Amino acid sequence: MSTGTSPTAEIELAIGGMTCASCARRVERRLGKLEGVTATVNYATEKAKVTFPETLDPQQLVEQVETAGYTAELPLEAAAESDEDPTKSLRNRLLHSAVLSAPVIALAMIPALQFTNWQWISLVIATPVVTWGAWPFHRAAWTNLRHGAAIMDTLISLGTLAAYAWSLYALLSGTAGTPGMTHGFELTIQRMGGDGNVYLEVAAGVTTFILAGRYFEARSKRRAGAALRALLELGAKDVAVFRDGVEVRIPTDRLAVGDLFVVRPGEKIATDGIIEEGNSAVDASMLTGESVPVEVGAGDAVVGATVNAGGRLVVGATRIGADTRLAQMAKLVEDAQNGKAAVQRLADRISAVFVPVVIVLALGTLVSWLATGAGATAAFTAAVAVLIIACPCALGLATPTALLVGTGRGAQMGILIKGLEVLESTRRIDTVVLDKTGTVTSGQMSLVAVHTADGIDEETVLRMAGAAEHASEHPIARAIVRGAAERVGELPAVEEFSNVEGLGVQAVIDGRAVLVGRPALLAQWGQPLPAELVAAQTKAEKQGRTAVAVAWDGAARAVLEVADTVKPTSAAAIAGLRKLGLKPVLLTGDNEMVARAVAAEVGIDEVIAEVLPLDKVDVVKRLQSEGHVVAMVGDGINDAAALAQADLGLAVGTGTDVAIEASDLTLVRGDLRAAVDAIRLSRRTLGTIKGNLFWAFAYNVAALPLAAAGLLNPMIAGAAMAFSSVFVVGNSLRLRRFRSTSTTEPMPGAEASEPVPAVARRV
């Protein structure tokens, strides 16, 4: 072995065939057997992050995984298949199995339906369910058996095959195949042969129930990689670029460093670059968290995917493709997701001990009965009863039913929960990091105050300012126009209008020359603010608000305050988080003064301001390194990587798809109080799952000694298993009674108080 440090490379493999967290550990160990290779396998995202010597052919990594019984794909191969929905095959398998299982279960449980030779019809219908429907379980069980391991799939496979094989034996060699046989349902505890009963409904029912659980789990995991797809779709699709002095429209991916491209008002900036011509305001709030659009001009740097809110710009491309800031953020999201430890499912932890014990107990029962001369029929009856009573039907229902009811109730309340990992995280969090813009605040500029000079009425100021700004597309101008229209109604017509880049606007209204903009604009025209308006301007700026001056007829008349306002429910939400024992922290890219003012208004003590998007992840990591379990609440692209890095990510649904897809919980309503309800509901759902798992085993384990003693025939074993399933479903349905702590909860069938964004309609 070489003692020197050899150059290494890093690659990400897409792993297939994993059915539980123990599979991920097996892949890690197998890859680690190659010299110089270290791997981290994430079961939730089905990816392996591998560091290996540059001298090693990546194809050897794929071959090594395949020797362990799983599949692996290199990045290019995985990308080619990224549009395929891996849940489609599982969904088809589930639907076909459910349709076939329903009559088998009905015939077995309802004697009135048992016509002549019904048992043979049941055999024909159940066979494809037990073979084709349950094939994923049989395949996983065989794969792990070849490596000397037993997982929950092993027990599912053994239980369904044992029930089916015994039914086949009873039909062909016993009395169960006799025409006119009926399936009586007797709850008797006595030794019996059992060759007159069939248990096809057990084999088909277990298969269908477990398939349902696997499908909902796979659908949840499918969303894990959607954040990266959303980031890639965020940028501009095409761009107007200069070629030999002529403006030509081309796809963005054909841009080259040094190209000059045009960005018109309202368009997205195609890639990172430097402004060559023009002045404008750029809305970078999704990337930077800065609520006020940034004024830019020639020589200023701009970032791809931000929006040009003002004039025409000519930009020189400086970075393209993987080097852009957007691509770097996509990489951050990917690294944060893959860096999370694979969650060990509760059922898998139990199965690590339970499955081998049940298999040994069933074999021991068979051998002991044969050794005592009881006969093969009685021995196999007892052994099958052990497998059936232990078959994890209720265990398969324990998690998905609670998740379905809990997530369904959450959806009614405007909360979208994405999986079991989320529930486990809510139990442990102690710190909640809150983005400011769009989360604690509305994320939209609003007119919040009007200060007038002596003798000037507020209505006149709003009519003049609103009319002057009406032709401007600047977000601050839009806020003034909205505020003026709401307070005074119809605005007067504008006779003349011109935009003064970076300073404001000037217009002629009702024969008066009106100026609206920065105080510097008024000073250029010799119309400085009087002392009382200077005081109002200073106070507004200390509170982090934007002061807009208004003048006409040669004198300053008013100062308008424009700001990103705090949501009316934010203070109550912060109080609710504190009641849950959580410490709120405000994290924003906005300036310190604005952040402190917002924090004071809602009751947050700790503020971390002026943080760049790339540094938000570092803040979350620092809190985690200090021993905190961190939840992150945000809505912008700048929050996506931090949402993925946090132990629990909550996205405000009125924000961007990138943040929503990178999160664990989505708050559809945009009401921060939903974060409190989300954590409460998640903790309640996790508690229900744990209760379900306990009772799923309690019923079955209590009956194992009876089954081994031959006092519990397989029919009663199947009944006990079914009863535990009914109990689990009933316990899960109690989550439907969960109520919000707020009074604005949208009830089932009712319209929410705020428009539901597209993401809610897609889920």
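Everything quoted here is computed from the prediction, not taken from an experiment.

### Digging into the overall build of the protein chain
Looking only at helices and strands, the protein chain features 28 helices and 26 strands. The buried share of the protein chain, taken over its 763 residues, is 53%. Sequence-distant contacts, at least 24 apart, represent 71% of the contacts inside the protein chain between residues at least 6 apart. A total of about 31800 Å² of accessible surface is found on the protein chain, and carbon and sulfur atoms cover 57% of it.

### Notes on the pairing of strand β13 (residues 313-319)
Looking down a regular strand, the side chains alternate between one sheet face and the other. Counting buried positions over the 7 residues of β13 gives 5, a clear majority of the element. In terms of strand pairing, strand β7 (residues 260-263) meets β13 through 4 bridges, oriented antiparallel. Looking at the pairing, Val262 lines up with Val314 of β13. Note: strand β8 (residues 272-277) against β13, 5 bridges, orientation antiparallel. Within β13, the residue paired with Ile274 across the bridge is Gly316.

### Comments concerning the sheet that holds strand β22 (residues 583-587)
Here 7 strands make up an open sheet; going across it, the order is β14-β26-β25-β24-β15-β22-β23 and the pairing mixed. The outermost strands of the open sheet, each flanked by one partner alone, are β14 (415-417) and β23 (606-608). On average, each strand axis in the sheet is inclined to that of its neighbour by 20°, with strand direction left out of account. With 3 bridges joining them, strand β25 (residues 648-652) and strand β26 (residues 665-667) adopt parallel strand pairing. Note on β26: the bridge partner recorded for Val652 is Leu667. The strands that helix α23 (residues 613-625) touches are β15 (431-435), β22, β23 and β24 (630-634); relative to β24, the one it contacts most, it runs at about 155°.

### Quick look at the environment of Phe697
Relative to the helices and strands, Phe697 is located in helix α26 (residues 673-708). By relative accessible area, Phe697 is classed as buried at 12%. For the pair Phe697 and Ala390, spaced 307 residues apart in sequence, the C-alpha to C-alpha distance is 8.0 Å.

### Re the side chain of Thr160
Among the structural elements, Thr160 can be located in helix α7 (residues 152-172). If sequence neighbours within four positions are ignored, Thr160 has contacts with Val130, His138, Ala203, Val206 and Thr207.

### Looking at the packing of helix α4 (residues 87-109) against helix α5 (residues 118-133)
It is the contact of α4 with α5, at a shortest axis distance of 9 Å, that shows an interaxial angle of 155°. For the element pair α4 / α5, the angle class is roughly antiparallel. For the element pair α4 and α5, the recorded crossing hand is left-handed. Where α4 abuts α5, its residues Asn92, Arg93, His96, Ser97, Leu100, Ser101, Pro103, Val104, Leu107 and Ala108 lie against Trp118, Ser122, Ile125, Ala126, Pro128, Val129, Trp132 and Gly133.

### Details of the sheet that holds strand β10 (residues 294-296)
Strand order across the open sheet formed by 3 strands is β10-β9-β12, with antiparallel pairing between neighbours. Every other strand in the sheet has two partners, leaving β10 and β12 (307-308) as the edge strands with one partner each. For strand β9 (residues 280-283) and β12, the ladder comprises 2 bridges, and the chain directions are antiparallel. Bridge pairing in β12 places Val282 opposite Asn308.

### Section: the environment of Ala471
Looking at the element boundaries, Ala471 is found in the loop between α17 (458-469) and α18 (475-488). As a C-alpha pair, Ala471 and Asn499 span 28 residues in sequence and 9.1 Å in three-dimensional space. Leaving out residues up to four positions away in the same chain, Ala471 has contacts with Arg478 and Phe497.

### Section: α18
Taking 1.5 Å as the rise per residue, α18 with 14 residues should run 20 Å; its terminal C-alpha atoms sit 20 Å apart, in good agreement. Here α18 has its buried residues at Pro475, Ile476, Ala477, Ala479, Ile480, Val481, Gly483 and Ala484. Buried residues belonging to α18 abut β16 (441-452), α17, β20 (546-552) and β21 (555-566). Positioned one or two residues after α18, Gly489 has a phi angle of 85°, which is positive.

### Some points on the UniProt feature "transmembrane region" (unreviewed entry) in the protein chain
Per the UniProt entry, the sites bearing "transmembrane region" (unreviewed entry) are residues 94-112, 118-137, 149-172, 198-216, 350-372, 378-405, 692-709 and 715-733 in this numbering. Between the end C-alpha atoms of residues 94-112 the distance is 28 Å, and the span holds 84% helix and 0% strand. Counting secondary structure, residues 118-137 comes out at 95% helix and 0% strand; the distance between its end C-alpha atoms is 28 Å.

### Remarks on the environment of Val481
Positionally, Val481 belongs in helix α18. For Val481, a relative accessible area of 9% gives the class buried. Each C-alpha atom, one on Val481 and one on Leu462, is 8.4 Å from the other, the two residues being 19 residues apart in sequence. Among all residues touching Val481, those that are not within four sequence positions of it are Gly466, Glu469, His470 and Leu491.

### So, unusual backbone geometry
Glycine aside, the phi torsion of most residues is negative, and most peptide linkages are trans. At Ala305, a residue that is not glycine, the phi angle is positive and equals roughly 80°. Here Ala305 lies in the loop between β11 (301-302) and β12. A relative accessible area of 3% means that Ala305 is categorised as buried. Positive phi outside glycine occurs at Asp553, with the angle close to 55°. Turning to its location among the elements, Asp553 is positioned in the loop between β20 and β21.

### What to know about the packing of aromatic side chains
For the coordinates displayed, the defined rule picks out 1 aromatic pair. With 4.9 Å between their ring centres and 45° between their planes, Trp166 and Tyr169 make a pair best called tilted. With a gap of 3 residues between them, Trp166 and Tyr169 both fall in helix α7, about one helical turn apart. The exposure class of Tyr169 is partly exposed, given its relative accessible area of 32%. The cationic tip of Arg93 hangs over the ring face of Trp132; the distance from NZ or CZ to the ring centre is 4.8 Å.

Quick notes on the rules
Residues numbered from 1 in each chain as written. Predicted model: local features only at pLDDT ≥ 70, side-chain atom pairs only at ≥ 80, totals over all residues. Heavy atoms only, no water. Helix = DSSP H or I, 4+ residues; strand = E, 2+ residues; numbered from the N terminus. Buried < 20%, exposed > 50% of the residue type's maximum accessible area, 1.4 Å probe, protein only. Contact = heavy atoms within 4.5 Å. Areas by Shrake-Rupley, 256 points an atom, 1.4 Å probe, with all protein chains shown as cover. Pairing = 2+ DSSP bridges. Axes fitted to C-alpha atoms, helices over the stretch in contact; angles between N-to-C directions. Parallel < 35°, antiparallel > 145°, perpendicular 65-115°, else oblique. Left-handed = near helix turned anticlockwise from the far one by under 90°. Expected span 1.5 Å × (residues − 1). UniProt positions renumbered as here; feature names shortened; annotations may be inferred. Phe/Tyr/Trp six-rings, centres within 6.5 Å; stacked < 30°, edge-to-face > 60°. Lys NZ or Arg CZ within 6 Å of the ring centre and 35° of its normal.

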